[in-house]
Amino acid sequence: QLADVGVTGLAVMGLNLARNLARHGHKVAVHNRTYTRTEKFLADHGEEGTFVASESLEDFVASLERPRVAIVMVKAGMGTDAVIDALAELMEPGDIIVDTGNAHFPDTIRREHALRERGIHFVGCGVSGGEEGALNGPSIMPGGTVESYERLGPMLESISAHVDGVPCCTHVGPDGAGHFVKMVHNGIEYADMQLIAEAYDLLRKGLGATPAEIGEIFAEWNTGDLESYLIEITADVLAHTDPETGQAFVDIVQDQAEQKGTGRWTVQNGLDLGVPITGIAEATFARSLSGSLPQREAGRRALPAKTAAWEVTDREGFIDDVRRALYASKVVAYSQGFDQIAAASVEYDWNIDRGAMARIWRGGCIIRARFLDRITEAYEREPDLALLLADPYFTDAVSDGLEAWRRVVAGAAQNGVPTPAFSSSLAYYDGVRSERLPAALIQAQRDFFGAHTYRRTDREGSFHTLWSGDRSEIAG
Ligand code: 6PG
């Protein structure tokens, strides 16, 4: 009895994906580098479906129905190339290798091209939703060829999350497109988490509220426009008390946020493509700042705040302001992330449908949120929308909260509360809506010291002023 699909790498993500596949009626071949883990898997979950276990990679591949589908679920970077190479050696033209780790998309492009020459489909596939999602329905972002999706699509769609009966899985685009979109998903995840953290900090410092009280505010927010998985778990975390000390759990956790790389890659790519993803960048740098211990120690000792304690008088008004500022900043972060997808789609020739990306993020993934429906609708109205913020729904949503947003950012600055993501999102908003930017002055400076030339507002061409001569203008 040959298996429909195989999973190699039975750490928790791979194991849950294999169980999810089996629960949906697929016959699943399983393999792990050390066989004891496979044996344990069978002992724990063998009854949940039909599994075909193999001790060697050769037997694993031999146990697969043609064209073979082998899902590789090893931690990104940890010998991924070695596993893929070993599998490819055993496979035949037409077979499919699916990498579901958080691989960096240039690696995926490289692997796809190398295997394509041998007739093997390599599918870099983003999977979001953590351990629970892998088991009960993740959001799935497969790249690779259209042919590979014909074989994979029905299977992946069956195990993905569903919202209103629609699967949270679609073919994203060729080669590295799937892993790219997963990377941007994680970048947005960083921005969203940072914004939520800033909102929490503002409520704590502005109102002197306890974590539990703030948890209640988040729970309330989760019933409106902000409804999302991250807001929901924030309410949960803030309500949690450390059983050992009886303190608020958030107060016993060290304040240094770690990162595994996807946020950094997103920012690096934003710089490469020249897309201002300032929310994601600030969020990533905020994590870096939190971990910069010598600098923080020196700063704590030397730098005064020169502010008195923040005294907010209108409690309800302030809570509402922070909510509106959070929503507006969040819209900016998503808008920037979707701009990045659009730019990459052109740069790498991927033809990514942004509305479809918002649709498959509505369920299963970490950034799942009610307002993703609004994003899909915006791209349905105008598939080539240059700026998500300029879609009428978002323009209204953000301008409704604009005064609140300004009050919050101004209040934070005046009272010495760092809000890098709130502030930079507002700066982006004001920048992108500006009639004229001071970039003109920068161009003039560049021309002054480096003869880098400038273009004029009143006629075509590029020009240079003879700054150290008679200041006449020549063609550049
Ligand atoms: C997901 C998550 C997942 C993982 C992140 C965490 O979509 O399921 O994004 O991929 O939790 O990699 O990233 P950091 O460790 O960098 O915060």
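Note that the structure is predicted; figures quoted are calculated from it, not measured.

Engineer: What's the story with the pairing of strand β4 (residues 69-72) in this structure? I'm lost.
Structural biologist: Going residue by residue along β4, you find V69 and I71 tucked away on one face and A70 and V72 tucked away on the opposite face as well. In this sheet, β4 lies alongside strand β1 (residues 5-8) in parallel orientation, the contact comprising three bridges. Along β4, the bridge assignment pairs T8 with V72.

Engineer: Can you help me understand the sheet that holds strand β11 (residues 462-465) in this one?
Structural biologist: What links the strands of a sheet is backbone hydrogen bonding, and the strands pair in either a parallel or an antiparallel sense. Spatial strand order, β10-β11-β12: three strands in an open sheet with antiparallel pairing. Edge positions in the open sheet fall to β10 (454-455) and β12 (473-475), since each of these has one partner strand only. Examined bridge by bridge, β10 and β11 share two bridges and lie antiparallel to one another. Residue pairing across strands places R455 opposite S462, the latter belonging to β11.

Engineer: Looking at this structure, I do not really get the nonpolar core. What am I missing?
Structural biologist: Generally speaking, soluble globular proteins have nonpolar side chains that are buried together. Judged by nonpolar contacts, the single largest core of 85 residues is most densely connected at F218, W221, W361, I375 and W405. Look past the residues within four positions of W221 in its chain and what remains in contact with it is A199, L203, L226, E227, I319, V322, R323 and L326. With 28 residues, the next largest nonpolar core counts F51, V123, L156 and C169 among its residues.

Engineer: Honestly, the site of the ligand in this entry has me stumped. Any pointers?
Structural biologist: Close to the ligand lie 13 residues, the nearest being S128, E189, Y190, K260 and R287. Within the side chain of S128, an N or O atom sits 2.4 Å from an oxygen atom of the ligand. At a separation of 2.9 Å, an oxygen atom of the ligand approaches a polar side-chain atom of K182. Protein coverage of the free-state accessible area of the ligand, which is 410 Å², stands at 79%. Here the element with the most residues in the shell around the ligand is helix α8 (residues 177-207); it accounts for five residues. Residues belonging to the shell around the ligand are distributed by class as follows: two nonpolar, seven polar and four charged.

Engineer: What is the right way to look at the pattern of salt bridges in this model?
Structural biologist: Between side chains of opposite charge, a pair can form when the charged atoms approach closely. Scanning all chains against the criterion turns up 33 salt bridges. Of the charged contacts in the structure, one is a salt bridge between R456 and D458, with a shortest N-O distance of 2.8 Å. Salt bridges linked by common partners bring D81, D99, D107, R110 and R111 together as one network.

Engineer: Whenever I open this one, the packing of aromatic side chains confuses me. Can you help?
Structural biologist: Two descriptors summarise a pair of aromatic rings, namely the distance from one centre to the other and the angle between the planes of the rings. For the structure on display, the rule yields 18 aromatic pairs. The ring of Y190 has R287 lying over it, and the distance from NZ or CZ to the ring centre is 3.6 Å.

Engineer: Just to check I follow, could you spell out the UniProt feature "binding site: substrate" (unreviewed entry) in the protein for this structure?
Structural biologist: In the UniProt entry, the feature "binding site: substrate" (unreviewed entry) is given for N102, S128, G129, G130, H185, N186, Y190, K260, R287, R446 and H452. Maximum C-alpha separation among the annotated residues is 48.8 Å over a sequence range of 351 residues, too wide for a single clustered spot. Residue classification places S128 among the buried residues on the basis of a relative accessible area of 2%. In this structure S128 touches P138, S139, M141, K182, H185, G364, C365 and I366, once residues within four positions along its chain are discounted. Tracing the chain through its elements places H185 in helix α8. Excluding residues that lie within four positions of it along the chain, H185 makes contacts with S128, W361, C365, I366 and I367. A polar contact is formed between the side chain of H185 and the side chain of S128, at a distance of 3.2 Å.

How each quantity is defined
Residues numbered from 1 in each chain as written. Predicted model: local features only at pLDDT ≥ 70, side-chain atom pairs only at ≥ 80, totals over all residues. Heavy atoms only, no water. Buried < 20%, exposed > 50% of the residue type's maximum accessible area, 1.4 Å probe, protein only. Helix = DSSP H or I, 4+ residues; strand = E, 2+ residues; numbered from the N terminus. Pairing = 2+ DSSP bridges. Core = buried A, V, L, I, M, F, W, Y, C linked by side-chain atoms within 4.5 Å. Contact = heavy atoms within 4.5 Å. Near = heavy atom within 4 Å. Polar contact = N/O pair within 3.5 Å; in protein donor to acceptor, adjacent residues only side chain to side chain. Areas by Shrake-Rupley, 256 points an atom, 1.4 Å probe, with all protein chains shown as cover. Nonpolar A, V, L, I, M, F, W, Y, C, P; charged D, E, K, R; others polar. Salt bridge = Lys/Arg side-chain N within 4 Å of Asp/Glu carboxyl O. Phe/Tyr/Trp six-rings, centres within 6.5 Å; stacked < 30°, edge-to-face > 60°. Lys NZ or Arg CZ within 6 Å of the ring centre and 35° of its normal. UniProt positions renumbered as here; feature names shortened; annotations may be inferred.

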